[in-house]
Amino acid sequence: MGTTYDQLRVLYRTLLVFATVGVVILVIGIIQFAYFEPFGQTSGAKATIEGVYVYDSETGQIEGPDSSEFPRSVEFAAKVDWSSLPANITVDARWYDSFGTLRGQVGPGTPPELADKSIVPVLVPEGYHYVLPGRYTFVVERFNHDVPVEVLGRRFVRVDRS
Amino acid sequence: MSVPAAANPQSRLRPGRYRIAFALATLIVVALMVSSILNYVYLDTIPGRTSLYGLLAVVLIAFGTFILVRAYSRDPAMRRKNLIRASVLIGFGVLLWLLVIDVFLFTQSAGPVVAAVCALACLPTTAFALIVVRRLDRNHKEPWRLVLVAAAWGAIVATSLVVWGETIWEASAQHALVPGPGLDTSLAFMAGILEELSKGLAVLLLFLVMRNEFDDVVDGIVYGAAVGLGFNYLESISYMTNIYAIFAPEGFGGVAAGIQWYARQVLGLFFGHATYTAFIGAGVGIARQLPNMRQKILAIVGGFVVAIAGHFAWDAWAALFPIDTTIFVIAEIHLRTLILEGPFTAALIALLIFGIRYEGQNLLDQLRKEAATGQGAILPEEVPILASPWQRLKQRLQALRRQGFRAYFKISRLQTAQLDLAMERWHRERKEIDTPLEAEQQLRERVIRLRHWVPA
């Protein structure tokens, strides 16, 4: 009995050692989260996203009404009013697809530097005919020490499969 | 050594366990109801409808499973009635569920043919994994009915439970956090915590309701892995159909779905969900044999922590592993799995090997003690055979050669009954059983009856 109980204790303690390693992993995860999503990063600034429109990649112009849903055969772009932001902050604008992959970017730079880049198109992946379907996220971000720390404006767009 | 004294013949633990199990089951059903309503109100129309219409299926399967598990308790009078009730409930539930899932969800994205092909493609690999996992317990294999119940819970109930939680977490995170590593880390926490909790609930319920079939750490690993494999089965189908629908217009939907199949049903079959949930099972299995409540709780929490950490580590850090587009990409993908998930699987295998050895030594001890009683259920010359899986197989094969399959199966049933008796003795000696002493005597009589049927 004594021997078998000791064996069970070995199993129990081994599991607790593994659990301790698990706790360390989760703590690293929390630190990682806190680094990329630091607390207290609210500047009060709000970016004005004028809308998301059909985009003509040949002319580089937008057309039609503001929309949140597009067929996959259509290219689209967001329009940002950079003048709505303070001039002394570093910002950029990005498109992410539903896999979290970057699909278009303007910046980083100060709003005056980006003034002539108000149209931010979604890029068709290299070698593909159309953009991938799914949910796209457009964000205008504020940077601090080269790390994006705050979202100043956000839009979601759905690209249909058909 | 005589028959050990009844350790706890009038235990008051059993009703308590059932109350906890009932409370957990009620919690699950309530969560699913809330989930359905939330999904219907806040989600897109199709998943919302799926969730709402699927609710009835989930409730039917949950109660059917409960009755099925109860049907295999040692009450033969109620067994037949419970089996019929469970079959009807589960049958209706499965039909409804398949209808809802296939028609509304998968076929919506990729069509019914693709959904059926994906489901069929995942079936042989998952079945193979379940066979391997069940065979891990070399001394005392788990009954197929419970292994399959565990896998079904992982596939149907656990996946349903996480839908609402993950949707709310994901939507909140996407509205509040900066896209990139911070958001990815948050989503990794989401998957680790919610998916492991929902899978772990199935293992915990199995332990609470069916403790007689939940002997030790090895059983816990087997049931946990089965839940994980069930979850992985449905998740694989979901990812494959979704990826197919995304890439089909570009002309390589089949290839994309095939890569998903390989990643989830071949490369990650034993590494991912199976390993994580097996850790939860290991914790519950160890807790089952520990003497005091504090240690039991620590063991169960420990299992959950390892599972959540392993799942989190993969989701959060897999993208950091460099995968380029050269010819080495295949090697890199395999290496990534090995480096990130391999240590968890290796740690689990260590627990398993130690658990099998611990179980084997104790069964041998009990076989010897039972043989020494001279009651005839286990003969002294049978002890070395029963203690060795290879010797047992050799004995069955000899019977097969001499007298065919009937003899093989009769010997197999006799060996199983003898090991059941040894296991019962072990738990009784350790005071971790609450069936009355008569149950042990019934096992002994069953062995003797079977021995009469077995050809010499």
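Residues numbered from 1 in each chain as written. Chains lettered and ligands numbered in written order. Predicted model: local features only at pLDDT ≥ 70, side-chain atom pairs only at ≥ 80, totals over all residues.

Chemist: I'm lost on the overall build of chain A in this one. Help?
Modeler: When helices and strands are tallied, chain A shows one helix and nine strands. Sequence-ordered secondary structure for chain A, helices as α and strands as β, is α-β-β-β-β-β-β-β-β-β. Over its C-alpha trace chain A gives a radius of gyration of 23 Å, far above what one expects of a compact globule, namely 15 Å for 162 residues. Expressed as lengths along the three principal axes of its C-alpha atoms, the size of chain A is roughly 80 × 45 × 25 Å. Across the 162 residues of chain A, 34% fall into the buried class. The contacts of chain A with a sequence gap of at least 6 include a subset with a gap of at least 24, amounting to 58%. (Helix = DSSP H or I, 4+ residues; strand = E, 2+ residues; numbered from the N terminus. Rg over C-alpha atoms; globule rule 2.2 N^0.38 Å. Buried ≥ 20, exposed ≤ 12 C-beta atoms within 10 Å, placed from the backbone. Contact = placed C-beta atoms within 7 Å.)

Chemist: Any chance you could explain the interface of chain A and chain B here in plain terms?
Modeler: Interfaces are often sized by the amount of accessible area the parts lose when they come together. The partner chain B presents 40 residues to the 37 residues of chain A that form the contact. Those elements giving two or more residues to the side of chain A that touches chain B turn out to be α1 (2–36), β8 (134–144) and β9 (147–159) of chain A. With 19 residues, the top contributor of residues to the side of chain A that touches chain B is α1 of chain A. Its residues assigned to classes, the side of chain A that touches chain B comprises 22 nonpolar, 10 polar and five charged. (Nonpolar A, V, L, I, M, F, W, Y, C, P; charged D, E, K, R; others polar.)

Chemist: Would you mind going over the pairing of β8 of chain A with me for this structure?
Modeler: If a strand is regular, its side chains alternate between the two faces of the sheet. Residues and elements named next belong to chain A. Bridging between strand β5 (residues 90–96) and β8 involves seven bridges; their strand directions are antiparallel. Residue pairing in the sheet places Asp92 in a bridge with Glu141 of β8. As paired elements, β8 and β9 share 11 bridges and run antiparallel to each other. Looking at β9, one finds that Arg142 is bridged to Glu150. (Pairing = 2+ DSSP bridges.)

Chemist: Explain the nonpolar core to me, please; I cannot follow it from the model alone.
Modeler: Soluble, globular proteins show a tendency: their nonpolar side chains are buried together. Residues and elements named next belong to chain B. Ranked by size, the top nonpolar core spans 136 residues in total, and within it Ala150, Val157, Ala202, Leu206, Ile221, Ala226 and Val227 carry the most contacts. It is helix α7 (residues 217–247) that contributes the most residues to this core, 17 residues altogether. Excluding residues that lie within four positions of it along the chain, Ala202 makes contacts with Ala150, Trp153, Gly154, Val157, Ala158 and Val227. If you look at the next biggest cluster of nonpolar residues, it comprises 18 residues, including Ile378, Ala399, Leu419 and Val447. (Core = buried A, V, L, I, M, F, W, Y, C linked by C-beta atoms within 7 Å.)

Chemist: For this particular structure, what's the right way to read the sheet that holds strand β7 (residues 119–121) of chain A?
Modeler: Within a sheet, each strand pairs with its neighbour through backbone hydrogen bonds, oriented either parallel or antiparallel. All names here are of chain A. Taken in spatial order, the four strands line up as β2-β1-β4-β7 in an open sheet, and their pairing is antiparallel. Of all strands in the sheet, those with a lone pairing partner are β2 (61–63) and β7, marking the two edges. Direction aside, the axes of adjacent strands within the sheet are offset by 50° on average. Bridge count for strand β1 (residues 48–56) against β2 is three bridges, and the pairing is antiparallel. (Axes fitted to C-alpha atoms, helices over the stretch in contact; angles between N-to-C directions.)

Chemist: What is the right way to look at the environment of Ile308 of chain B in this model?
Modeler: Within the element layout of this structure, Ile308 of chain B appears in helix α10 (residues 293–317). Residues Ile308 of chain B and Val59 of chain B lie 249 residues apart in sequence; the distance between their C-alpha atoms is 27 Å. The contacts of Ile308 of chain B, once residues within four sequence positions are left out, are Gly22 and Leu26 of chain A together with Gly192, Ile193 and Glu196 of chain B.

Chemist: I tried to follow the packing of helix α4 (residues 112–135) of chain B against α7 of chain B on my own but got confused; where do I start?
Modeler: The angle between the axes and the distance between the axes are what describe a pair of packed helices. Residue and element names in this part refer to chain B. Remark: α4 packs on α7, axes separated minimally by 9 Å, with the N-to-C direction vectors making an angle of 160°. Comparing the axis directions of α4 and α7 gives the class roughly antiparallel. Here the hand of the crossing between α4 and α7 comes out right-handed. Contacts between α4 and α7 involve Val114, Ala115, Cys118, Ala119, Cys122, Thr126, Ala129, Leu130, Val133 and Arg134 from the first element and Val222, Ala225, Ala226, Leu229, Tyr233, Ser236, Ile237, Met240, Thr241 and Tyr244 from the second. When grouped by side-chain class, the residues that make up the contact of α4 with α7 number 16 nonpolar, three polar and one charged. (Parallel < 35°, antiparallel > 145°, perpendicular 65-115°, else oblique. Left-handed = near helix turned anticlockwise from the far one by under 90°.)

Chemist: How should I be thinking about the packing of helix α9 (residues 273–289) of chain B against α10 of chain B in this particular structure?
Modeler: Residue and element names in this part refer to chain B. Two numbers describe how α9 lies on α10: the axes approach to 7 Å, and their chain directions differ by 175°. If you check the angle between α9 and α10, you find them roughly antiparallel. On α10, the residues touching Thr275, Tyr276, Thr277, Phe279, Ile280, Ala282, Gly283, Val284, Ile286 and Ala287 of α9 are Lys296, Ala299, Ile300, Gly302, Gly303, Phe304, Val306, Ala307, Gly310 and His311. Split by residue class, the contact of α9 with α10 holds 12 nonpolar, seven polar and one charged.

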